[in-house]
Each structure stands twice: as structure tokens, then as C-alpha cells.
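# What the coordinates show
Below are the chains, spelled out letter by letter.
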Amino acid sequence: VGVSGKEGRQAVNAADFSIAQFRFLERLLVVHGRWDYRRTCKFILYTFWKNAIITMLLFYYTFFSGYSGTCMFTSTVWTSFSMILFWPIIATGLFDRDVTDEQAIRFPALYETGRLGLDLNLSKMIEMLLSAFVHSLVIMTVAVVSVGDLDIGATGSYYSFSFMIFSWVVLTMNYRATFITTTYNWVFVASLGVSFFTYVLFVVLYSDLPSFFPEVYGLAFHVTQRPLFWMGTLAVPLLAMMIDMFKAYLMLEFFPDTRDLILERSVKGGLSGQLRKVKSEILPPTSSPSRSILVPRSHSWQPTPSLSSSFAFSYPEGTKKTNLRSMGSRSHFKRDTSFLDQVERHLGDTSVISSGDDSDAASTASTASVKFNRPSTTPFAQQTMKSVQFVLDWKVVFASSSAIGLLFLCMGLGTLFVSISASQIRILYDGPHEKIKARSSSWAFMGQNMVLPCHAPGECTYSLELPADLEPPIQVYYEVKPFWQNYFSYMSSVVHPQLHGHMAPEEASRRCSKESRWTASGEEIFPCGLIATSVFNDTFEIQDVPIDTESEQMPVWRNFQNPPEYLKKPNISWLYERYPTTTSRELGVQSKRFIAWMLPNFLNRASKPYGVISTPLKKGQIVDLKINSRFPVAASGAWKTVLLTRGTQNYVLAVVLLVSGGLCFCLACAVWSIHLFCARELGSARGRRRSWPRWQRWEEQSQTSSGSESA
């Protein structure tokens, strides 16, 4: 920090900051220096927290992707995080302040926050990492349990669920930026709006440009129609908020610091009234404030004839200070520019007198020769915009915990009711031979679960009595578990242009291995790739009950197109030739069963729709189920299951929501108990008589000294 004075400007030229008078150093350090330190610390910790959450989510996902290195998000989504999320934290880093400038100068003990490094140290970094771990665990837990037992709503594909988690992460991180911010003004609110607008704009463009992103075309419209998306949108940030709020309340209640106490007293009105008294009784309008408030005012306050202004360059260049004494001054707390207005008028009058009867041009030239380093006086530039601050007291935490707990209970009960009202029949028919025999004795005919062994390759027919009523439309699903469709090399072998009406030989040669592109006889495989050459080809038939595998009621929302050369180009192994039970010559890649298979699942299983039954099935009805088992799973140790369902069941999600609601009510009870039995007075430290904060001692000393001076 350099001071420009009679000694010259060498110090200013070599400094990072320059001031015109030494007394401005107090405001530069105690006010702006402290504000800047806290803002910078918040920005740094938030940035590390954001990156830690994304990294931990990727780490968790390795357990569900076979440790293959598959990223939870596509590269386009990955690069969009900073573009979407930097707006709110930038507003926090520019305008957030925990105490006003008056409070910062009135209580200089607050400056020890930066001097002692209280906002950015090892303990703060560990606390940040623990917070990131908890929040990432909440996001991943809600994501995994939301999938349910099977992909009933077709939202469990890799791209759909990646979009859902991406949305929840954006919402959680914007909440976090809001939570760590102390002062809310229109700039911060606007930054939140811009962040969400950027997110919506990115999602619309990303999912509506099939030429650039064919794998996610129409994704946003499909996913946002699912109740599961909105339940997670509520559950994830609310769980994170409850964890943060309760932890912050405990720290505020039992370990408050000086800043917390000042903020509490300021919001409840006690401190603001004292500051008004200080300004009206102690600081005379024609005198400057004391040189320092690090000691009681009675030791340092002396009325002086020096001027006090809002800005560093109080006096125009080349003008002597003695010429301006007669105009008086205002307190530097006000940050008004009336003094500079008087300076301009005073110099204008002086110029007119000195020019005598000269022309107006001479007077204008004399006035224009004086340079005014006048700063901007807008509330935005002076950081005096209207703002709101909230104190986290027991009422806020109690009300929030109760309301969020009630919301979780409602969502949990709703999910439980939907699960109970759904009718499902699950049939396990293939898996490891020894394990399926053991499971037959414990799992067979327990409720709606059955074990009907039919190992591949083989064809089996079973007569079974239906354990529940099923009303149409009845969805038929199959599941192979564990099956890593999201394995990196497996998933990245898809040639998307081939699925949208192009032969794409160059793309095929780059993505497809030799075994998945050429047959043993030398024919070119279309479409190529590991997924397209390992299609699930088991079939299911129910006597006198047709299963429509191309029904419009199947939850398959993507569309594929055959190329113009379809069936015309020679030496090509078309899809229907390799998998005649999955598609037909007329359909080709447009088969709904094939489309569903080509959308890789997010987790380590392949859960896909097979068809729709339009005939009602009654409880106790005897039906003959024919299973043609062709898809091999013996080498991988996977299980194959067929599911007949009307509605969806997700008891795990219901339990998680109910437990979360109960936990919120427990937190509310804990807050109420703390308030009843060991509450701390708002604005006062716990155990005040034993450990009296320095800023309170200085406050009483100041009041005592002001009283004696008035006497």
C-alpha cells in the first residue's frame, strides 16, 4: 500500500494499492480488506467443494461401471458445469458482506479473521471435504434408489439418468452458493436467475440438435415428464439444506464468533440503534472520526479541524487543502459526494473572480484545467445497494426442519401407496445353475416372485397360476443382472450415425473392432459395435395372450432410421439376418426392442421393455408361459428375469424418503430441546460473564467514555 504525499509518488508507483491520506488505511484494511478476504475465501472453498463433489460422484460411479473409467457425464455436459455455475459465486465474491462498513470500523476486532487466517486454513479445508463427501453421497444415494428394481419408466438409461443427476448437481450447487452468502441483493438474485437460464438454454440446445448430439435427441422433454425427476429435484437439495442448516445452527448456538454476534445484534436492532447514537453524539458534523478505534475512544478521540470525505482523492489535483477548509465535511460513514460538489462550485467561483472581466472562454479554460478524480457514486459502485440479511436462529431451523420433514413424509407415503397399488409378477428363469437351485427353495412362490429354471440355450413351457390381477396395459420387461452395458469399451462402440440413416464407414472403422464389424464370411456388419452384435434375443410367449413387441404404449421414446441403402447394398450382414427374433426385415433398426437395447443402462444391469399385453389377467388364472432362452449368461454369472407389471414399485425409495422425513423431525425436536434447556441469548455469547468478547468490552468502554465526554 502506497501513500501519495509531499514526499512524492514513488511508493504509489511501486505499490499494489494507493491512497491519498494515511487515515484512509484504516478503511482500506478494516473494511475493504476484510470484506475481500472473506469473499475470496468463500470463492476458493466453494470452487474446491464443487470440484470435490463432481470428483466423488465419478468415483462412486466406478463401482457401477465395472471400473472401466466410464464418466458419469458426457463430455459436453462435463464442460458445461463452470459455464452454468460460476454466476452466483461471482456475485458472492463481489458483493457479499457479513457486517456493514460501520460495524467493521466500529469493532476492529473483526479484522483478526484475516490476520489469523480463520476463514481459510486446514480445518476449513477438511470441513469442506467432509461437506462435499456428505452432499455427493446424498446425490448418489437418491440417484441409485430412484431407479427402483426395474426401469419401469425408461428413465434408467445412461443418458437419461446422467441428465437427471446433472440437473440435481446444478440445483444443489446453486443452493450451496445461496447458503454461504450472507447478504442478498438484486445482483445475487439476478445471478441465480442467469445461472438457471443458462442451464435451461444449454439443456434445450443440447437435446434438440440431432446433427451434433444424436444420442440425447429429445432427452430433456422425455425426462422432465417423469415424476421421478421432480421428486429427486426436491429431495436432493432439501436433504443437503437440512444437513447444512443443522450443522450451522449447532456451530452458531454453541461456538459463535464475533461476526455472528454482531450480525445477530444488528438484525434484531440493538446494534443499529447504538451506531445511530454514536454518529449523532460522538462524531460532530465538522470533525473527523478518531484516528483509531483499537483502544477506547477516551484515549484517542480528539476533535481536529481536518477534513473528512468519502473517497481517497478528496481534493482536486493541484488545489491546496487550506483553500477548502471553509466548506466543512461530513462523516466518512456516509460516503456522500456533497463535498466534491462544493469543491467544484468553490473552484468555479474562484475562477470567475480571478479572471475578472475576461471573456467567458478564459473562465471556462481555467475551470477545465482542474482535474477531478471523481469516483462513481452509484449504489452498485459504492456497494450500497439494498440488501437483506438473515439470522439463522432456532425458529428458522425448527420451521424448516418440520416443513421439509412433512414434505418428505408426503413423498414417501405417496411412493409407498403407488408401490402397493402396482401389480407385478416376477419370474427368475436363468442364472448360475447351483445358485438358481438354492434360490428355488427360498424364493419360489413367495408373494409375486417365482423361479422357473430355463437355462440357455433351451426352450421351456410352464403352466402357472397367476398370484395377482393385472389390468391392461400390462408392460413386459426383462432384466439381465449384473450386466455392464455402461462399460466404457462396450458403450463407446456405438456408431450413432448408423442408427440415424447413414452408413458412416469412416465412423464405423474408428469405433468398431474387427470382430464387431466383419462376419467370419467377410460381410460387413450393419450396424456394427459391441452392443449391436450382442442383442438380447430371448423370447416370451403366453398361450392365447398376445404380447405386442412394437406397441405404441411401450416406454421407448427414441426413433432409429434405416439408411437409403438398406437391403440394396450387397455384402452386408443386416440386423434382421443376425437377430430374426428381435426384429424383422421390414423394421430393421426401427424395432422397439432393438432401440431399447441400444440405450445403455446407467447402472450395472440391462433392464429393458419387451412388449405390452392388452388382455386382462386375473388372479388364479392358469396360463402357459413359453420361454425361449438364447441369450447366454452362464459365463458371466448373470441372472435373467422376466417381469409382468401394471404400474411401478419402488419400496426402497419410499423407505429412504420416510426415513429422511423422520430424520428431519428428529432434528426439529433437537433444535426445540436446545432452545428450551440451553438456549443462547441472541447477540450474546454463551457464558458471557465468564468469557466476555473484546468487542463487547470495547463497546461498553466507548459508551462510558462518550457519557463522560457529554458530561
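So, a few notes on the structure that sits alongside this text. (Residues numbered from 1 in each chain as written. Predicted model: local features only at pLDDT ≥ 70, side-chain atom pairs only at ≥ 80, totals over all residues. Heavy atoms only, no water.)

So, about the overall build of the protein. The secondary structure content of the protein amounts to 24 helices and 14 strands. The buried share of the protein, taken over its 711 residues, is 50%. Contacts in the protein between residues far apart in sequence, at least 24 positions, make up 79% of those at least 6 positions apart. Counting every atom, the protein has about 33,900 Å² of accessible surface; 61% of that belongs to carbon and sulfur. (Helix = DSSP H or I, 4+ residues; strand = E, 2+ residues; numbered from the N terminus. Buried < 20%, exposed > 50% of the residue type's maximum accessible area, 1.4 Å probe, protein only. Contact = heavy atoms within 4.5 Å. Areas by Shrake-Rupley, 256 points an atom, 1.4 Å probe, with all protein chains shown as cover.)

On to the nonpolar core, then. One finds Met72, Phe81, Phe163, Ile165, Phe166 and Phe408 to be the most contacted residues of the largest nonpolar core, which totals 75 residues. For this core, the element with the highest residue contribution is helix α7 (residues 158–180), accounting for 13 residues. When near neighbours in sequence (up to four residues on either side) are disregarded, Phe166 contacts Phe73, Val77, Ser80, Phe81, Ile84, Tyr199, Phe202 and Val203. Tyr429, Val494, Ile542 and Ile595 belong to the second-largest nonpolar core, a separate cluster that totals 50 residues. (Core = buried A, V, L, I, M, F, W, Y, C linked by side-chain atoms within 4.5 Å.)

A few words now on the state of the cysteines. Taken as a whole and assessed by the stated rule, the structure comprises two disulfides. The disulfide partner of Cys454 is Cys460, and the gap between their sulfur atoms is 2.3 Å. One quick way to see it: the torsion about the S-S bond of Cys454 and Cys460 is about 95°, and its sign makes the bridge right-handed. The class of Cys460 is buried, set by a relative accessible area of 18%. What connects to what in the protein, once the bonded cysteines are numbered by sequence position, is 1-2, 3-4. No disulfide involves Cys666; its sulfur sits 6.3 Å from the nearest other cysteine sulfur, which is in Cys669. (Disulfide = S-S within 2.5 Å.)

With that out of the way, let us pick up unusual backbone geometry. In this chain, Lys481 is followed by Pro482 through a cis amide linkage whose omega measures -5°. Inspection of the secondary structure assignment puts Pro482 in the loop between β8 (474–481) and α19 (488–491). Cis geometry is adopted by the peptide bond preceding Pro527, which originates at Phe526 and carries an omega value of -10°. Phi angles above zero are rare outside glycine, and Tyr67 is one such case at about 55°. The topology assignment puts Tyr67 in the loop between α2 (24–62) and α3 (75–95). The phi dihedral of Asn571 falls on the positive side, at around 60°, and the residue is not glycine. Along the chain, Asn571 falls in the loop between β10 (539–542) and β11 (572–573). A relative accessible area of 47% means that Asn571 is categorised as partly exposed.

With that out of the way, let us pick up the packing of aromatic side chains. The relation between two aromatic rings is expressed through the spacing of the ring centres and the mutual angle of the planes. Taken as a whole, this structure holds 37 aromatic pairs when the rule is applied. Ring geometry for Phe63 versus Tyr67: centroids 5.6 Å apart, planes at 75°, classification edge-to-face. On the basis of relative accessibility, which here comes to 61%, the residue Tyr67 falls in the exposed class. Ring pairing ties together the aromatic residues Phe73, Phe81, Phe166, Tyr199, Phe202, Tyr206, Phe212 and Phe213, which thus form one cluster. Its end group placed over the ring of Trp49, Arg176 keeps NZ or CZ at 5.2 Å from the ring centre. (Phe/Tyr/Trp six-rings, centres within 6.5 Å; stacked < 30°, edge-to-face > 60°. Lys NZ or Arg CZ within 6 Å of the ring centre and 35° of its normal.)

So, about helix α8 (residues 186–206). Here α8 contains 21 residues, and its C-alpha end-to-end distance of 30 Å stays within 8% of the 30 Å for a straight helix at 1.5 Å per residue. Contacts made by the buried residues of α8 are with α3, α7, β3 (183–185), α9 (219–223), α10 (227–254) and α16 (379–382). Put simply, Asn185 is the residue that caps the front of α8, since its side-chain oxygen is 3.1 Å from the backbone nitrogen of Val187. (Expected span 1.5 Å × (residues − 1). Polar contact = N/O pair within 3.5 Å; in protein donor to acceptor, adjacent residues only side chain to side chain.)

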